[in-house]
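Secondary and tertiary structure notes
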Amino acid sequence: MMRRARPSEELAEAPLDRGSKVAFVLSGGGNQGVGQVGMLRALIEAGITPDVIVGCSAGALNGAALAYAPNLTGVARLASVWGDLKGSEVFPGSKFTRAWSVVRHGTHLFDNGGLQKVIRTGSAARSFADLSVPLRVVAADLDTGDEVVFVRGPLEPALLASAALPGVFPIIEHDNRRLVDGGIVNAVPLWHALCGPCDKIYVLNVSHSSGIQAFRSPLDVVMASFSHSRNLRYKLERRHVPDGPEIFEMPHPTDNRELFDFTGAEGIIEEGYELGREFLAAQVERAANSHAVQQEAWTNKKRRSKFRFGSGHAATGHERAAS
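Because the structure is predicted, anything quoted here is derived from the model rather than measured.

On to the overall build of the chain, then. Check the secondary structure of the chain and you find 13 helices and 9 strands. Counting every position in the chain, which comprises 323 residues, the buried fraction comes to 48%. Long-range contacts, defined as pairs at least 24 residues apart, comprise 78% of the intrachain contacts of the chain with a sequence gap of at least 6. With an accessible surface of roughly 15,600 Å², the chain has 55% of that area assigned to carbon and sulfur atoms.

This is how it looks when you write it as structure tokens:
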């Protein structure tokens, strides 16, 4: 089922009843989504597991795999999918066939068979009901510009819609709507986590990591431009974060590859893992130091209170003796 985006309502449909209240927010980012795999490994190894996952585009694909198997086995399977993925599978054909595709289809350059392969090999889940962790998948209504959120029903059309980069992949017709990549309205869907009953939110944002030095295709220019525009909302939301939940933005690996390049996945995953591991270790140390400071302050306060009480008691005794 697909709904208009009402964050508090959407998260309320999946009660967080496992004790801790942790949300993972996974951004879009195309082939740069591979960096999220290393971040996820670092989080799971640190014992941090999500109570809800909110994903967009490539982040939704990664999020669905983790929601099915929220453990290191699930992360390893996801790493294998990205490691085996080739640009020719996601973007099949030559420049000639791409041009012919525009003439023949009119709306997109590539079919989405490669994306289907990623979805089907990432996990055995076929519907939201198959997932172990509640998942929210962000897409966009091409006709109205509405942000919509998938919360139940078949999983594949939701993920295909969320990753349907406009003009690149086919428009997904589902639930009487024409849907495209959620990144055009909310590439880093933080707000859906902020409006839920979450204590901690871990943001895995790779949508700002584009640093292409040379533009080799029109799509490189589109993606670089898209990267700037789609992060504007996220920056605004970060400025207006309400009091309450802690937000941890995981550091992202360097990724200067062009859109069609899926090589070097293992190295990017490893960098994302090492950066994430160091970041989380620093958070633990910071929390420990903060706790130590608070403990010392509490101890000192207790000592001062005891001293005041002792002085008063002795005086009272002296007064009684004198009388």
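In this section: the packing of aromatic side chains. One pass over the structure, following the stated rule, counts 9 aromatic pairs. Here Phe91 and Phe262 contribute two aromatic rings whose centre-to-centre distance is 6.3 Å and whose plane-to-plane angle is 45°, an arrangement assigned as tilted. Residue Phe91 is found in the loop between helix H5 (87-90) and helix H6 (95-105), and its partner Phe262 is found in the loop between strand E9 (246-249) and helix H13 (265-322); the two are separated by 171 residues along the sequence. Of the two residues, Phe91 and Phe262, neither departs from the other in class, the shared state being buried. Measuring from ring centre to ring centre gives 6.1 Å for Phe110 and Phe260, while their planes differ by 70°; the resulting arrangement is edge-to-face. Here Phe260 lies in the loop between E9 and H13 and Phe110 lies in the loop between H6 and helix H7 (113-122), a separation of 150 residues in the sequence. Judged by relative accessible area, Phe110 falls into the buried class, the value being 1%. Connected via pairs of aromatic rings, a cluster forms that spans Trp82, Phe91, Phe110, Phe169, Phe260 and Phe262.

A few words now on the confidence of the model for the chain. Mean pLDDT over the chain works out to 81, with 73% of the residues at or above the 70 mark. Ranking the helices and strands of the chain by mean pLDDT puts helix H2 (residues 35-45) first, with 98, and helix H1 (residues 7-12) last, with 37. A low-confidence stretch, residues 313-323 (pLDDT under 50), is modelled with 0 contacts involving residues beyond four sequence positions or located in other chains.

Further remarks concern helix H3 (residues 58-68). With 10 of its 11 residues buried, H3 lies for the most part within the structure. Of all the residues in H3, the buried ones are Ala58, Gly59, Ala60, Leu61, Asn62, Gly63, Ala64, Ala65, Leu66 and Ala67.

This brings us to the pairing of strand E7 (residues 177-181). Within E7, 4 of the 5 residues are buried, which leaves the element mostly enclosed by the surrounding structure. With 3 bridges connecting them, strand E4 (residues 135-141) and E7 associate as antiparallel partners. Each bridged residue has a counterpart across the sheet, and for Ala140 the counterpart in E7 is Val180. Note that strand E6 (residues 172-174) and E7 share 3 bridges and pair antiparallel. Bridging across to E7, Ile172 finds its partner in Leu179. As consecutive antiparallel partners, E6 and E7 are separated by 2 residues, and within that stretch Asp175 has a phi angle of approximately 55°, a positive value.

Once that is clear, we can look at the nonpolar core. Core analysis: the largest hydrophobic core is formed by 64 residues, its most contacted members being Phe24, Phe91, Leu135 and Tyr202. If we skip the residues at most four places from it in the chain, Tyr202 touches Val22, Ala23, Phe24, Val25, Leu43, Ile48, Phe248, Met250 and Leu280. Formed by 13 residues, the second largest nonpolar core is a distinct cluster that contains Ala23, Val52, Ile201 and Val203.

Attention now goes to the pairing of strand E3 (residues 52-56). Of all the 5 residues making up E3, 5 are buried; the element is thus mostly covered by neighbouring parts of the structure. Alignment of strand E2 (residues 22-26) against E3, held across 4 bridges, turns out to be parallel. Bridge assignment links Leu26 to a residue of E3, and that residue is Gly55. In this fold, the crossover linking E2 to E3 by way of H2 has right-handed handedness. In this sheet, E4 lies alongside E3 in parallel orientation, the contact comprising 4 bridges. Paired with Cys56 across the strands is Val138, a residue of E4.

Assignment of secondary structure puts His192 in helix H10 (residues 191-194). By relative accessible area, which is 2% here, His192 ends up buried.

Calculation criteria
Residues numbered from 1 in each chain as written. Predicted model: local features only at pLDDT ≥ 70, side-chain atom pairs only at ≥ 80, totals over all residues. Heavy atoms only, no water. Helix = DSSP H or I, 4+ residues; strand = E, 2+ residues; numbered from the N terminus. Buried < 20%, exposed > 50% of the residue type's maximum accessible area, 1.4 Å probe, protein only. Contact = heavy atoms within 4.5 Å. Areas by Shrake-Rupley, 256 points an atom, 1.4 Å probe, with all protein chains shown as cover. Phe/Tyr/Trp six-rings, centres within 6.5 Å; stacked < 30°, edge-to-face > 60°. pLDDT = per-residue confidence, 0-100. Pairing = 2+ DSSP bridges. Core = buried A, V, L, I, M, F, W, Y, C linked by side-chain atoms within 4.5 Å. Right-handed = clockwise from strand over helix to strand, strands pointing away.

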